[in-house]
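Structural description and commentary
In case you want the letters, here they are:
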Amino acid sequence: MTPRPPSTGPDPKQKETEVEYSATEKNETSEKKAPAKKRAAKKATAVPKQAGAKKAAVKKATAKKAAVPKQSAPRKSAAKKTTAKKAPAKNPTVKKAAAKTVAKATAPPPTQPLEVAVSPALDAGDRERLLSGTHHDPHAVLGAHPVSGGVAFRTLRPYARSVSVVSGALRAQLHDDGDGFFSGLLPLREVPEYRLLVAYDETALETEDAYRFLPTLGELDLHLIGEGRHEQLWQSLGAHPTTHQGVTGTRFAVWAPNARGVRLAGAFNYWDGTGHPMRSLGSSGVWELFVPGLGEGELYKFELTRPDGSRTLRADPLARRTEVPPNTSSIVTASHYEWGDAEWLEHRADRPVHEAPFSVYEVHLPSWRPGLTYRQLADQLPTYVKDLGFTHVELMPVAEHPFGGSWGYQVTGFYAPTARLGTPDDFRYLVDALHRAGIGVLMDWVPAHFPRDDWALAEFDGRPLYEHEDPLRAAHPDWGTLEFDFGRREVRNFLVANAVYWCEEFHIDGLRVDAVASMLYLDYSREPGQWVPNEHGGRENLDAVAFLQEMNATVYRRSPGVVTIAEESTAWDGVTRPTHHRGPGGFGGLGFGLKWNMGWMHDSLEYMQHEPVHRKYHHHEMTFSMVYAYSENYVLPISHDEVVHGKRSLVSKMPGDWWQQRANHRAYLGFMWAHPGKQLLFMGQEFAQGAEWSEAHGPDWWLLASAYGAEADHRGVRDLVRDLNAVYRATPSLWQLDTDPSGFQWIVGDAAEDNMLAFLRFDAEGSPLLAVSNFSPVVRHDYRLGVPDDVPAWHETLNTDAARYGGGDVTNPDPVKPEPQAWHGRPASIRLTLPPLATVWLRPA
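Worth saying up front: this structure is predicted, and the values here are computed from it rather than measured.

**Observations concerning the pairing of strand E28 (residues 634-638)**
The buried fraction of E28 is high, at five of five residues. Of the two faces of E28, the one lined by Tyr-634, Leu-636 and Ile-638 and the one lined by Val-635 and Pro-637 are each fully buried. Direction of pairing for strand E27 (residues 594-596) relative to E28: parallel, over a ladder of two bridges. Along E28, the bridge assignment pairs Trp-596 with Val-635. As paired strands, E28 and strand E29 (residues 678-682) are joined by four bridges and run parallel to one another. Pairing of Pro-637 across the sheet is with Leu-680, part of E29.

Following this line, the structure appears as structure tokens:
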């Protein structure tokens, strides 16, 4: 924060206060007026002189007396420079080029000049509260107010040399009351439309008075905020460029119920909020201020006075744009983006997600192609994902976060896309580009916790606010962060509205909700004695359950076609059950659309990491998922979590030499795409990257360079992923009945000695696909499998051992006809050649 500039103190030459009139009055020859004119000239030394050539502009300037002064480029430049350097301002003056010429009114002047009387004295308590930043109603003291004898004007302008009231032909200089206060009593019948002329050392600015405006929030907004039901909270709180009472500026609002006072600080006031106290809007806990003349691009924070009297400078919890980290200021912004994805949105809800093809490419945007901005990514990412055939991308958290190494999972700016890659409208451009390419956009969303940074949400107004007041409930034991207080309605509103915000403002098609298990259990990662049971004596966090139900119900109601996905690692009953359907535990469903199948992921990867000779002892790890496959609507995730921090990349988990590792990798992907559930694959795994992922450099794209000797090996795996997606999307048997047990039948699930699995998938019309996986390193000739007798012949539609994928090309090139020999409990059977470490798909010929 820029230190407060040194005060210049009052000018001894400006002790007298008087009223100036139009230029016509200056032609009068009264001897009494000559000295007055001389004194006025001295007082106005900071105001640019009015040359005779400018007199013609007087009428035009006067007619626009209610217009807001534009924020000139020099002023913004100076402000930004001050903020960037964080150096003390030498003088709180504005460059001469930014000064507005004082326009003289053309209305006929009064016959006698009016004297500015001394206004009623400012109450000592009000004065102290304003200076200390603890005043709840600065608008009742500052601004213009009818009083006995006229209208009292009072303003708080630190570092100003003088302040004058300008209204039509009237310019009345206020008395300097010290400490930045200026006041005066004018003999007026009512409060006029007026502006303030504020003079500094070498210049002057004419501006609107922020304390003459009514509140910008209405009773309905405050009622909904108080009830915790404002579903578009971001439209009320935060910073919004707007026109208020005919004047352009920015309205600011923040929820801080424990604060003794709130002031607005920013580059525009040299990070000194003394002159911009905000008013409290009653019991809502909301503080508000409309600042005329401020517009997009301004840096700001809220200066809060805590209950103990100390002060803290905080970023806006609902800031929709931020500085690039490590800088932490909020930025006034407004969207000007024109969307081009109307056709996508129109058809997004045509088919339920769980009955549609859904294969996801997970991306960490800052490292997918390091150095690319949102708009540059929009030129490359949609093309790449569309070529590979994925239906969706899942973006790791894009909300602003201070530490890049958290990958976005420790959020400080819940309403702001990270500024590392561009502006919010730039992010909209990327989402739009993906939609126009026919690709859905999912986003990781992190409502479970937030970091402890002292400029963000932690003890925001001096007391626990967003976090739980009980330290045992507030501290997240795993990540050193703070957990949200899901039982507080305003906090719940903050998060529910945030989910809606991303869907409505950025056209996000789905929210993958991170760390749901840590929200659901009071004893999550806690030892006995470190947690308190709920009111029923259980371990369930009832507040979190209610929050998740409300969030899901609200998102699905407001945004048709959007899906919510839970990363939930336990066996919580009813994660994807509707909220109004109670389960055996007495709870309604959480209301998610899909759930990550963490059990399948852990079990199947554990199996694959064993040498084939040992896999027969772990065969159940590949079949157990079908015991519970229809208890929820599942996604099969091979996510970033499985290829970092010593876990190795997917291909490096596989046993054997390089050929066997790639073969296992391909066979596993074939098994995964055939298994009931949707698919998710993290970037880099689509071309068998050998190294763990690192956010510092991203995927090893050089593996696909033609100059690299093993390029064909990696390109072959990527070609397989492309074909898996192509066949998958064209085959309803693989996705239409993902959540219906009638869509799956085992052929053989107990061939542990052979390391072999075979099963059928069906679509709604009964059309089958046969998937066979041989996880042993030997070719199995004439391997007999039982099949339905109503399919005249089977055709191999995909084989992960094909030569073009880097395999040995052991295939079944000709149609395979069933034989009338019962096998595996079926009336007919076929004989196949099963390639080693491979998965084969067959469809009716």
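Next comes the rest of the description.
**Digging into the sheet that holds strand E3 (residues 150-156)**
Strand order in the open sheet made by the four strands is E2-E3-E7-E6, with antiparallel pairing throughout. The open sheet terminates on both sides in strands that have one partner only, identified here as strand E2 (143-147) and strand E6 (175-178). The sheet shows a mean angle of 25° between the axes of neighbouring strands, direction not considered. Pairing of E3 with strand E7 (residues 181-186) involves six bridges; the strand directions are antiparallel. Within E7, the residue paired with Leu-156 across the bridge is Phe-181. Across the sheet, helix H4 (residues 124-132) lies against E3, E6 and E7, angled at about 140° from E7, the strand it touches most.

**Notes on the sheet that holds strand E36 (residues 838-844)**
Strand-to-strand pairing in sheets goes through backbone hydrogen bonds, with the strands running parallel or antiparallel. If you trace the five strands from one edge of the open sheet to the other, you get E30-E31-E32-E36-E34, paired in antiparallel fashion. Looking at which strands have only one partner, the edges of the open sheet turn out to be strand E30 (744-751) and strand E34 (794-799). For this sheet the average axis-to-axis angle between neighbouring strands, irrespective of direction, equals 20°. Summarising the sheet, strand E31 (residues 756-762) and strand E32 (residues 768-774) pair through seven bridges and their orientation is antiparallel. Pairing of Met-756 across the sheet is with Asn-774, part of E32. Here helix H18 (residues 658-674) sits on the sheet and contacts E31, E32 and E36; the angle it forms with E36, its principal contact strand, is near 40°. Across the sheet, helix H19 (residues 711-730) is in contact with E34 and E36; its angle to E34 comes to roughly 140°.

What counts, and at which threshold
Residues numbered from 1 in each chain as written. Predicted model: local features only at pLDDT ≥ 70, side-chain atom pairs only at ≥ 80, totals over all residues. Heavy atoms only, no water. Buried < 20%, exposed > 50% of the residue type's maximum accessible area, 1.4 Å probe, protein only. Helix = DSSP H or I, 4+ residues; strand = E, 2+ residues; numbered from the N terminus. Pairing = 2+ DSSP bridges. Axes fitted to C-alpha atoms, helices over the stretch in contact; angles between N-to-C directions. Contact = heavy atoms within 4.5 Å.

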